Each structure stands twice: as structure tokens, then as C-alpha cells.
Amino acid sequence: MTGAYVDKNYVYAVARIRSAELKLLTRSQLDELIAAENAEAVYSLLKEKGWGTESCRTWEDMLKSEEKKLWELIEELVPDMSVFDVFKKPGDYHNLKAAIKEAAEETEIPEIYTSESTIDPERIRLAVRERNFGMLPPEMAEAAGEINDSYLRTKDGQLCDTAVDRICLEEMVRAGEASDCGFLSQYALLMAAAAVIKTAVRSARTGKSRDFLNQAIADIPTLDRNALIQAAMNGEEQIIAYLLTTDYADAVPAIRKGMTAFENYCDDLITRRMKDQQRESFGLGPIAAYILARKNEMKSVRIIFSGKENGFSDDMIRERVRETYV
Amino acid sequence: MASSGIFWAVLGAALAAGCAGAGSAIGVGIAGRAASGVVTQEPGMFSKVLILQLLPGTQGIYGLLIAFIALSQIGLLGGGAQMNMELTKGLMYFAACLPMAIGGLISAIAQGKCAVSAIGLVAKRPDQFGKSMIFPAMVETYAILALLVSILSINGIG
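Read on for a plain summary of the structure.

Here is what the cut-offs are and how they apply
Residues numbered from 1 in each chain as written. Chains lettered and ligands numbered in written order. Predicted model: local features only at pLDDT ≥ 70, side-chain atom pairs only at ≥ 80, totals over all residues. Heavy atoms only, no water. Helix = DSSP H or I, 4+ residues; strand = E, 2+ residues; numbered from the N terminus. Rg over C-alpha atoms; globule rule 2.2 N^0.38 Å. Buried < 20%, exposed > 50% of the residue type's maximum accessible area, 1.4 Å probe, protein only. Contact = heavy atoms within 4.5 Å. Areas by Shrake-Rupley, 256 points an atom, 1.4 Å probe, with all protein chains shown as cover. 1 Å grid on protein atoms, 1.4 Å probe; cavity = no way out; pocket = protein on both sides within 12 Å on 5 of 7 lines; lining within 4 Å. Points joined across faces, edges and corners; volume = space filled by probe spheres on them. Nonpolar A, V, L, I, M, F, W, Y, C, P; charged D, E, K, R; others polar. Patch = residues over 30% accessible without salt bridge, like charges linked within 9 Å, V, L, I, M, F, W, Y side chains within 5 Å. Salt bridge = Lys/Arg side-chain N within 4 Å of Asp/Glu carboxyl O. Buried area = accessible area lost by both parts, 1.4 Å probe. Phe/Tyr/Trp six-rings, centres within 6.5 Å; stacked < 30°, edge-to-face > 60°. Core = buried A, V, L, I, M, F, W, Y, C linked by side-chain atoms within 4.5 Å. Polar contact = N/O pair within 3.5 Å; in protein donor to acceptor, adjacent residues only side chain to side chain. Expected span 1.5 Å × (residues − 1).

1. Considering the overall build of chain A
Then, in step 1: Scanning chain A for helices and strands turns up 16 helices and zero strands.
Then, in step 2: Expected size for 326 residues packed as a compact globule is a radius of gyration near 20 Å; at 21 Å, chain A falls within 12% of this value.
Then, in step 3: Taking all 326 residues of chain A together, the buried fraction comes to 51%.
Then, in step 4: For chain A, the share of sequence-separated contacts (at least 6 apart) that also reach a separation of at least 24 residues comes to 64%.
Then, in step 5: Carbon and sulfur atoms make up 47% of the accessible area of chain A, which totals about 15700 Å².

2. Details of the layout of surface pockets
Residue and element names in this part refer to chain A.
Then, in step 1: Space inside the second largest pocket adds up to approximately 370 Å³.
Then, in step 2: Lining of the second largest pocket is provided by 18 residues; of these, Ala20, Lys23, Glu66, Tyr290 and Arg294 occupy positions nearest its centre.
Then, in step 3: Taken together, the elements giving at least two residues each to the lining of the second largest pocket come down to α4 (59–77) and α15 (285–309).
Then, in step 4: Of the residues belonging to the lining of the second largest pocket, the class tally is eight nonpolar, three polar and seven charged.

3. Re a nonpolar patch on the surface
Residue and element names in this part refer to chain B.
Then, in step 1: Together, Tyr142, Ile144, Leu145, Leu148 and Leu152 make up a nonpolar patch on the protein surface, roughly 510 Å² of accessible area in all.
Then, in step 2: Here leucine 148 shows up in helix α5 (residues 129–157).
Then, in step 3: Judged by relative accessible area, which is 45%, leucine 148 ranks as partly exposed.

4. Some words on the interface of chain B and chain A
Then, in step 1: Across the contact, 15 residues belong to chain B and 17 residues belong to chain A.
Then, in step 2: Carbon and sulfur atoms supply 60% of the area that chain B and chain A bury against each other, a total of about 1400 Å² over both sides.
Then, in step 3: It is Arg33, Gln41 and Lys124 of chain B in chain B that bury the most area against chain A; as a group they hold 46% of the surface buried on that side.
Then, in step 4: Counting the contacts that link chain B with chain A gives two salt bridges.

5. Considering empty space enclosed by the protein
Residue and element names in this part refer to chain A.
Then, in step 1: On inspection of all chains with the given rule, the structure shows two cavities of 30 Å³ or more.
Then, in step 2: Considering the residues around the largest cavity, the lining is formed by twelve residues, among which Leu25, Ala293, Glu297, Thr324 and Tyr325 are closest to the centre.
Then, in step 3: Here the element with the most residues in the lining of the largest cavity is α15; it accounts for four residues.
Then, in step 4: Here the lining of the largest cavity is composed, by residue class, of six nonpolar, three polar and three charged.
Then, in step 5: Among the secondary structure elements, those contributing two or more residues to the lining of the second largest cavity are α9 (182–206) and α14 (259–276).
Then, in step 6: Broken down by element, the lining of the second largest cavity gets its largest block of residues, four residues, from α9.
Then, in step 7: Split by residue class, the lining of the second largest cavity holds four nonpolar, one polar and one charged.

6. As for the packing of aromatic side chains
All names here are of chain A.
Then, in step 1: In this structure the tally under the stated criterion is six aromatic pairs over all chains.
Then, in step 2: An angle of 10 degrees between the planes, with centres 5.0 Å apart, marks the rings of tryptophan 59 and phenylalanine 305 as stacked. Taken together, the residues tryptophan 59 in helix α4 and phenylalanine 305 in helix α15 connect sequence positions 246 residues apart.
Then, in step 3: A relative accessible area of 0% means that phenylalanine 305 is categorised as buried.
Then, in step 4: With a centroid separation of 6.2 Å and an interplanar angle of 20 degrees, the aromatic rings of phenylalanine 84 and phenylalanine 87 are classed as stacked. Grouping residues by exposure puts phenylalanine 84 and phenylalanine 87 together as buried.

7. Describing the nonpolar core
Soluble globular proteins: nonpolar side chains tend toward being buried together.
All names here are of chain A.
Then, in step 1: Core analysis: the largest hydrophobic core is formed by 88 residues, its most contacted members being Ile74, Val78, Phe84, Leu223 and Ile287.
Then, in step 2: Here this core gets 13 residues from one element, more than from any other, and that element is α9.
Then, in step 3: Apart from the residues lying within four places of it in its own chain, the contact partners of phenylalanine 84 are Trp71, Ile74, Val78, Leu184, Leu284, Ile287, Ala288 and Ile291.
Then, in step 4: Within the second largest apolar cluster, 24 residues are counted, among which are Ala127, Ala141, Ala144 and Ile167.

8. Concerning the side chain of lysine 295 of chain A
Residue and element names in this part refer to chain A.
Then, in step 1: Note that lysine 295 resides in helix α15.
Then, in step 2: Overall, the relative accessible area of 16% leaves lysine 295 in the buried class.
Then, in step 3: In terms of polar contacts, lysine 295 uses its side chain to reach the side chain of glutamate 116, at 2.3 Å.
Then, in step 4: Every residue in contact with lysine 295, bar those within four places of it in the chain, is listed here: Glu67, Leu70, Phe87 and Glu116.

9. Some points on the pattern of salt bridges
All names here are of chain A.
Then, in step 1: A complete count under the given rule lists 30 salt bridges over all chains for this structure.
Then, in step 2: Here glutamate 66 makes a salt bridge to arginine 294, at a shortest N to O gap of 2.9 Å. Of the two residues, glutamate 66 is situated in helix α4 and arginine 294 in helix α15; the sequence distance between them amounts to 228 residues.
Then, in step 3: Overall, the relative accessible area of 8% leaves arginine 294 in the buried class.
Then, in step 4: Residue arginine 125 pairs with glutamate 122 through a salt bridge whose shortest N-O separation is 3.4 Å.

10. Digging into α15 of chain A
Residue and element names in this part refer to chain A.
Then, in step 1: Between its first and last C-alpha, α15 extends 36 Å over 25 residues, near the 36 Å set by a 1.5 Å rise per residue.
Then, in step 2: Counting buried positions along α15 gives 20 out of 25 residues, so the element sits mostly inside the fold.
Then, in step 3: At the C-terminal side of α15, glycine 311 shows a positive phi close to 70 degrees.

This is the structure we're talking about:
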């Protein structure tokens, strides 16, 4: 980028995003999709709205092409894509889990890898297969080696997943801070805190050991890891008592109701933070909010397609579809 | 030294045109970036966003007007320049031009940022174009006040 002009206020980008937001599906359009007779009818309606490309044959193709369109647009607007690592880190660690299990089981399942990642999935696959973890970035290499050894020894898939998730959450928080965007760092912290709290509560309910908690509980700035592990060892009420002393005291009533209520509380909180970005004309925040809005939209469409294919009622699908950004 | 007034008078005129013009260039430039973003997605929005982009351009015209009035008062336009103008009188011309120079610079940048938000509003809700014009137009008030004070002051000196 030497000599190139970099617009740090993202004025052009935000204005373009504002126009692009007009094409996001509204609540009534989602309702129209839910009311469609079957998955084929949903596919036709989305095609009329410009979703997918001519080469798409299935709804999975359509969603992949929309994901591609999203990142192509963002790459045009933001010269340094590393600011959005927050969204791509989970893809890296999903690929790491897949590679560890694939190598251990000596199988090949290329379709389980996601391309929405900061590291080429093939590089992760090769590093794990050849046990050459130096090929990976330093923050991933050491943990990958340990987790791989532990999985080969124990074949405990859950322990492997939780250990990878822990590193992923810590990396997401770091990526959020590095983005220098208030919205992105808040989003990363909130996602990480929600995952940590859920893991702690579930571990307390199932009586997991301290060793498991040490592997599973991520170290994030807004929660005292040791205090949370200790509380999780002593039961759910102790976790709630601890959370009342933290920034997450408002989430306690939802946690008491159950994990679904807590997940809804977290989703609502993130949606509120996203909607705040509609009032911003400058900066990365509105672009990040648009990325999230499109990802949520694609999740909703995926839910509608699978619901239709599996014969779920419209009401059941409607309950699972996320709130819209527009 | 006593006759260096002409220098201060010309400096005032130059600042009025230069600062207000620079402010307008920044304001129109920033609004232009936003307008380009909208037109990339929706070419049909060109005429609407063009009007919003031009709003911060008026300060540059006001600055030019003040510079013309000041230069003609001191005789640099149309002949009869007061080359031995007293320092006090020159400084008065200088001070008279300052409201337009400072007010023009700051109000044009602020109006440019406001125009960016208004362009975002039009991009999202094209039917709200009329209302979107009002918000950046409010900033114009303060450029006009600066223009009035500068005109009245320059005429008062003459």
C-alpha cells in the first residue's frame, strides 16, 4: 500500500454499505420465505431477489456464493482485511479440530473444512498430518501440538473440541483488540464471555473435573479465570454469585432461566450493538455490523432450508430464525 | 512600518479566500467519497447525492466574495491601491476578514461530515431526501453569520 491513499474513516465504504443494506432481507421477506411451500419454492424466491449465481445447483451452493459475494465486497472496501480476523478465527480453529481428528482417524473428509478462515485450510491439514506445527502461526502452533498429542492419547473428542475452542476465544478477543474498532472488540469480548459462561455452567451441571475446566475455560479480560473455575467446581449457584460481581450481572436472570434464554439474551445484546452502528457514518463499525447482519441472514436462510427439507412446521422455523438488522 | 497596513489587509483577504476555500475543498471532498460509495451501488442516486455533496462548497464562494470586497476597498482591484496604508487600518481589514476565514474553514468541514451522514440517510431511505438536505443546511447558518460580520466590518472601515 506504499503511497496509496488509505481512508481511515471508511467514508466511501460506509456509504456503499448503507446502499448495500437495502438488499438485506427484511422481516416480512423472511416470513414470505418461511411461508413458502417447500425448499424449492424458497430457492426460487431467493433467486428472484438476486441470491446465488447461474452456476448454483443446490441451496448450499447458493449460500456459499452469497458468502463469497459478501467477502468480495468487503475486500473491495477495506484494504487491510486483518481487521476482520474476529470473524475468521473460528474458521481457523474449526479447521484445526477437523485436521486433528482427520489425521488421528486416518480418513479424508475435505468438505468439513471451511474457507472462511485466516489460514489456508490445506496448510493446517498438512501441518497436523506431518506434525510440523511450525508451519502454523505461533499463537496456534504450540496449542495445536499439545491438543493433537492429547487427542491421540485419549481419543476424547469433547476435550479436544473444548481445548481448541478455548484458544479460539482467546484469539478472537486478541483479534478484536487489534482491530482498533470499538464495535469489533466489544463483539469479540461478548462472544467469548458468552461461550465461557456457557461452558462454566454446563461443566458445573455435569460435574466436570478441574483438569477439564482448566482446558475449557478461556482467559478473557472481563472474567477472572481462576475465580470462575473455582465457582464452576462448587456448582451453578457459585457461578451466578461470581457473575453478579462482574460486568455480566445483567445476564444472571437469563442464565437462571436456562441456556436457551441466555443464548437469546446474548443474541439480543449483539443485535442491539449492531443496530447502534446504523447511526454511525464513519469507521469500521458499520461495515462490521453489515458483515454480521449478512452472516445472520445466511444462518436464517439455512435454518429455513433445512426446516423445509426436514418437514418442520412454519412456527418451529419462525422461532429459530434470527432477528433482522434492517 | 507605519505604512505596512496594506500587507495586513491583503493577508486578511487571502486568508478569507484561502481558509474558506480549503474548508470547502475538505467538506466537498469527504462528501464526494460518500457520494461515490452510494453511486457505486445505486447509479440512479447520482443527482440526489450530488446536491448533498455540493452543500459544503458555499463557504469557498463566501470567502472569495469577502476577498473581492476587501481587495476592491483597499484599491487593489480597479486601481488606486493604498500602498502606504496605515498599520492600524490594515490590521482592521485583517480582523474584518477573520470571521469568514475561521468560520468558513470550520463550518465547511463540519458541513461536509454532516453531508456524509445525510448521504447515508438518502442511501438507506431515498424518500427522505428533503429532510436529509435540512441537516447539513443548518450548518450553513454559521457560515452566513461569519459572512455578514465580515461584509459589515469591511464596509465600516471603508
